[in-house]
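Take a look at the letters that make up each chain.
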Amino acid sequence: MLAFNQKDGTLVLETERGPRTIHVEDGRVGFVQGDRHASAALARVLKRRGVVPEDRMLRAEQIQQRTDRFLGEILKELGALDDEGYEAAYSEALAESVFDLQLAKIQRFEFVEGQALAPDGTPGKPIEPRLVVDSLLLELTRKLDQWGVLSETVPSLQEVFEGTGIEADLTGQDDLDGHAGGRARGDQLIVDVHRHLG
C-alpha cells in the first residue's frame, strides 16, 4: 500500500465477504460511484453520530436502494446533511472501511491501472473526498496498534459486547487500571477507550 501514492487505478480485492475495490489516484484513495459499501459505511457513521434525523435517513436509504445512487449525494439533495458534515462523516467512513479491509481475509487481488471501478466491475466516478494515502496509513497504523491491545481481551471477533447496566465489583483489582480490558464497556468506541488510557 505504500506505493499507492504513485499509482492511478483500482485495487480489486476478492475477500471472504465478496468483491471490494479501492480507487487510487494522485496519492489519494477512495471508493467509486456504484459501490454499495460506500453508502453502507456512511450510513453507519451518520447513525452512530446521530446527525441525520431518523426519518430522513430512512427516506434516503430507500432512495439509495431503488436508484443505486450514493447515499451522501441523496442526503445532501434532501437537505439532511451539509457539505461540512458530509465530508467529516464520509472521511471517517472511508477510513473505517479501509481499516476493515486491512483485517479481511483477501483471497485474490489485482491492480487495474487507469480505471475507476466499482466492486461489480462497472466503471464509475470517484466519490469525494478521497483520503491522502500517507495520512490514511498513519491512521491505520494507530488503529491497528489500538486493536492489538484490545484484541487480547476479546475472546472472538464475532462476539458483540453490550452493556448490562450492572457494574462489577473490582475492589482489589488495581492491576486492571492500566489494561484496556479493565476499562472497556460495550457502549464505548475503541478511540474512547484509548483516549481514557492515554
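To be clear, the structure that these remarks concern was listed above.
Residues numbered from 1 in each chain as written. Predicted model: local features only at pLDDT ≥ 70, side-chain atom pairs only at ≥ 80, totals over all residues. Heavy atoms only, no water.

A. Seen up close, the packing of helix H1 (residues 36-49) against helix H4 (residues 83-103). One way to put it is that H1 packs onto H4 with a least axis distance of 8 Å and a crossing angle of 120°. Relative to H4, the crossing made by H1 is right-handed. In contact with Ala38, Ala41, Leu42, Arg44, Val45, Leu46, Arg48 and Arg49 of H1, H4 contributes Tyr86, Ala88, Ala89, Tyr90, Glu92, Ala93, Glu96, Ser97 and Asp100. Taken together, the residues of the contact of H1 with H4 break down into ten nonpolar, one polar and six charged. (Axes fitted to C-alpha atoms, helices over the stretch in contact; angles between N-to-C directions. Helix = DSSP H or I, 4+ residues; strand = E, 2+ residues; numbered from the N terminus. Left-handed = near helix turned anticlockwise from the far one by under 90°. Contact = heavy atoms within 4.5 Å. Nonpolar A, V, L, I, M, F, W, Y, C, P; charged D, E, K, R; others polar.)

B. The arrangement of the side chain of His23 in detail. Relative to the helices and strands, His23 is located in strand S2 (residues 18-25). His23 sits in the buried class, given a relative accessible area of 3%. With residues near it in sequence (within four places) discarded, His23 still touches Asp8, Gly9, Thr10, Arg28, Val29, Gly30, Val32, Gln115, Ala116, Pro126 and Arg130. (Buried < 20%, exposed > 50% of the residue type's maximum accessible area, 1.4 Å probe, protein only.)

C. Focus on H1. Taking 1.5 Å as the rise per residue, H1 with 14 residues should run 20 Å; its terminal C-alpha atoms sit 20 Å apart, in good agreement. Restricting attention to buried positions, one finds in H1 the residues Ala38, Ser39, Ala41, Leu42, Ala43, Val45 and Leu46. Once H1 ends, the next one or two residues include Gly50, with phi positive near 70°. (Expected span 1.5 Å × (residues − 1).)

D. Structural view of the sheet that holds strand S1 (residues 9-15). A sheet is described by the order of its strands in space; here five strands give the open sequence S4-S1-S2-S3-S5, paired in antiparallel fashion. Where the open sheet ends on each side, the last strands, each with one partner, are strand S4 (106-113) and strand S5 (131-132). Strand direction decides the pairing type here: S1 and S4, joined by seven bridges, are antiparallel. Residue pairing for S4: Leu11 is matched across the bridge by Phe111. (Pairing = 2+ DSSP bridges.)

E. Looking closely at the packing of aromatic side chains. Counting across every chain of the model gives three aromatic pairs. Aromatic side chains Phe70 and Tyr86 sit 6.1 Å apart centroid to centroid with 75° between the ring planes, which places their arrangement in the edge-to-face category. Of this pair, Phe70 sits in the loop between helix H2 (54-67) and helix H3 (71-77) while Tyr86 sits in helix H4, and the two are 16 residues apart along the sequence. Tyr86 shares its class with Phe70; the two are buried. Between the aromatic rings of Phe70 and Tyr90, the centroid separation amounts to 5.3 Å while the plane-to-plane angle is 75°, which identifies the pairing as edge-to-face. Here Tyr90 lies in helix H4 and Phe70 lies in the loop between H2 and H3, a separation of 20 residues in the sequence. Summarising the burial analysis for this pair, Phe70 and Tyr90 share the class buried. Over the aromatic face of Tyr86 sits the side chain of Lys76, whose NZ or CZ is 4.5 Å from the ring centroid. (Phe/Tyr/Trp six-rings, centres within 6.5 Å; stacked < 30°, edge-to-face > 60°. Lys NZ or Arg CZ within 6 Å of the ring centre and 35° of its normal.)

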